[in-house]
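Below are the chains, spelled out letter by letter.
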Amino acid sequence: MRSKITPIIGLQWGDEGKGKGVARIASGLRTEDLIVRFQGGNNAGHTIWHKGKCYVFHLIPSGVFGQAQIHLGAGMVINPAALKGEAKTIPRNVSFLGRMSVSPHAVLTMPTHLILDSISEKTKGKKKIGSTGKGISPSYTDLTLRRALRVGDIFYNDFKNKYKTLCDEHKRTLRNDFGYKMTNQELRGKEKEFFEGVKFLRSIKSENSSGIVLRALSLGKKVIAEGAQGALLDVRFGHYPYVTSSHTISSGVGTGLGIPPSYIGGAIGILKAYTTKVGEGPFPTELGGKDSAIWCRDKKAIDEKTKFPKPNPNSKSDFEQGIALRHFGNEIGATTGRLRRTGWMDIPLLKYAIEMNNATELVLTKLDVLNGFKKIKVCISYVVNGKKINQIPFDLSRVDIKPIYKIFPGWKGELSDYGKKLPKEALQYVQFLEKTLGAKIIYVGTGVEEHHVVERYWR
Ligand code: GDP
Ligand code: IMO
Ligand code: MG
């Protein structure tokens, strides 16, 4: 019987713990099962702890330590040099190259895309998006401009000519639109790495995403689609323009892999026990509001450690509570090292994300980070321009929005003190979320390692 693909989707602004979630599921998969990425590029940073060591994956699916096949799908943008570098971080005794394939339709990120990304952000000044600087938006822009280089192009003799033509176009844009004259010297080292990356890419099996996925599904194999970013960063349904440039929601699995929508099953939605956001844009439940946004934009992790060596989770200052969340949750960007903005959980935003993704099962991560908080707040609705509403306004940044909170008591000690059970206060919080969000929480994350979970329902 044909199975359906299971999307694993972040329900907030990314960094929900998708990597750990995928690695955990992957450890139960067999050799003919499949884990695919369907969108995004190395803007993603998916952390997993394996045998006591920390790995961060940006392009390679997080199931690499399992046995399943892994595939970099058509909807992705791939920086070949970054891919080669990432492959080197995987221990030699883990054979994965023979299990890995890449779609010929995936777009290549060129060195000039990174420069375009950075210059475009710089010229926006205070209106910048806060991109990861990995060239993601310019790469997708070239796709819609119908001039992108794709993985399939690297196997043709005219590849270098095509590269040069597009590179010259980028140089023209930089000069004419941004007044930036790029020197050949600036590019030389990066181009060398790019072409070495391309050589590496040629050694990886190239396979159509639709073919490999549909074949696995028709054989009844398990297929997991590992989302990158989060639903609230979707290019259309996120808080535009503070979004990434791809479709991060589960329908992106269809266009990102070339499979019919009816083959996409219910998603597993990953959500953090609180909320974080990296980069600019509205964040209604941010602890410390604008002060936090500016602090996280302008300061580095070391500045924060020096000024707040032991932040108090129960401080009277919301701003300091936000710092405590960041400190306990190690909320430092896995890709860029930026401070992640922190705040309380936001139910209206989560409901929006759950509906859009058909998230039938949930994973609640990082509940342990709330150890020590005497009060845990959850936003259940908003007051917008003086009126109580439950729905998300079209543009969060153009309204005066104030969250309405429900307050839960924290628990004594640490979650790890309770073994594989949750203390009653934590259980109350989890059950409230399940009821309000209308989906089962299959397990709760209580630490960084794969086994740091409290199972609630067996899949
Ligand atoms: P992703 O982008 O969604 O894969 O998430 P990231 O890897 O960017 O960020 C999640 C961070 O939380 C990583 O540092 C993980 O190691 C960590 N993490 C994941 N689940 C848990 C958990 O349940 N508890 C704690 N304390 N950390 C977790
Ligand atoms: P994972 O997969 C968190 C954010 C950036 C910026 C916006 C646009 O680890 O959850 P981009 O470089 O994509 O043009 O940046 O999107 N962003 C992420 N935030 N986690 C991510 O990925 C992100 N990828 C992009 O911070 O606000
Ligand atoms: Mg991340």
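Residues numbered from 1 in each chain as written. Chains lettered and ligands numbered in written order. Predicted model: local features only at pLDDT ≥ 70, side-chain atom pairs only at ≥ 80, totals over all residues. Heavy atoms only, no water.

1. Brief notes about the environment of Lys-205
Part 1 of the reasoning: Secondary-structure assignment places Lys-205 in strand E9 (residues 205-206).
Part 2 of the reasoning: Since its relative accessible area comes to 39%, Lys-205 is described here as partly exposed.
Part 3 of the reasoning: Along the primary structure Lys-205 and His-71 are separated by 134 residues, whereas in three dimensions their C-alpha atoms are 9.5 Å apart.
Part 4 of the reasoning: Setting aside residues up to four positions removed in sequence, Lys-205 forms contacts with Gly-98, Met-100, Ser-101 and Val-102. (Helix = DSSP H or I, 4+ residues; strand = E, 2+ residues; numbered from the N terminus. Buried < 20%, exposed > 50% of the residue type's maximum accessible area, 1.4 Å probe, protein only. Contact = heavy atoms within 4.5 Å.)

2. A short note on the packing of aromatic side chains
Part 1 of the reasoning: Overall, the coordinates contain 15 aromatic pairs when judged by the stated rule.
Part 2 of the reasoning: Judged by centre distance (6.2 Å) and plane angle (75 degrees), the rings of Phe-159 and Phe-195 are edge-to-face. Taken together, the positions of Phe-159 in helix H5 (residues 159-178) and Phe-195 in helix H6 (residues 184-202) put the pair 36 residues apart, joining distant regions of the chain.
Part 3 of the reasoning: Residue Phe-159 is classed as buried on the basis of its relative accessible area of 2%.
Part 4 of the reasoning: Exposure remark for Phe-195: the relative accessible area of 22% places this residue in the partly exposed category.
Part 5 of the reasoning: If you follow Arg-24 out to its NZ or CZ, it ends over the ring of Tyr-443, 4.7 Å from the centre.
Part 6 of the reasoning: The lysine or arginine in question, Lys-377, covers the ring of Tyr-405, its NZ or CZ lying 5.1 Å from the ring centre. (Phe/Tyr/Trp six-rings, centres within 6.5 Å; stacked < 30°, edge-to-face > 60°. Lys NZ or Arg CZ within 6 Å of the ring centre and 35° of its normal.)

3. With respect to the coordination of the magnesium ion (ligand 3)
Part 1 of the reasoning: At the metal site, the magnesium ion (ligand 3) is ligated by Asp-15 (OD) and Gly-45 (O), and these contacts range over 2.1 to 2.2 Å. Of this pair, Asp-15 sits in the loop between strand E1 (5-10) and helix H1 (18-26) while Gly-45 is found in the loop between strand E2 (34-37) and strand E3 (46-50), placing the two residues 30 residues apart along the sequence.
Part 2 of the reasoning: The partly exposed category is assigned to Asp-15, whose relative accessible area is 21%.
Part 3 of the reasoning: By relative accessible area, which is 11% here, Gly-45 ends up buried. (Donors = N, O, S within 2.8 Å, 3.2 Å for Na, K, Ca; no water.)

4. Notes on the UniProt feature "binding site: substrate" (unreviewed entry) in the protein
Part 1 of the reasoning: Here, UniProt's "binding site: substrate" (unreviewed entry) annotation points to Ala-334, Thr-335, Thr-336, Gly-337, Arg-338, Leu-339 and Arg-340.
Part 2 of the reasoning: Here Thr-335 lies in the loop between helix H11 (318-328) and strand E13 (341-343).
Part 3 of the reasoning: The contact partners of Thr-335, leaving out residues within four places of it in the chain, are Asn-42, Asn-43, Ala-44, Gly-45, His-58, Thr-132 and Lys-134.
Part 4 of the reasoning: Within the secondary structure layout, Thr-336 lies in the loop between H11 and E13.
Part 5 of the reasoning: Note on Thr-336: relative accessible area 31%, which makes it partly exposed.
Part 6 of the reasoning: In this structure the side chain of Thr-336 is engaged in a polar contact, spanning 3.0 Å, whose partner is the side chain of Arg-338. (UniProt positions renumbered as here; feature names shortened; annotations may be inferred. Polar contact = N/O pair within 3.5 Å; in protein donor to acceptor, adjacent residues only side chain to side chain.)

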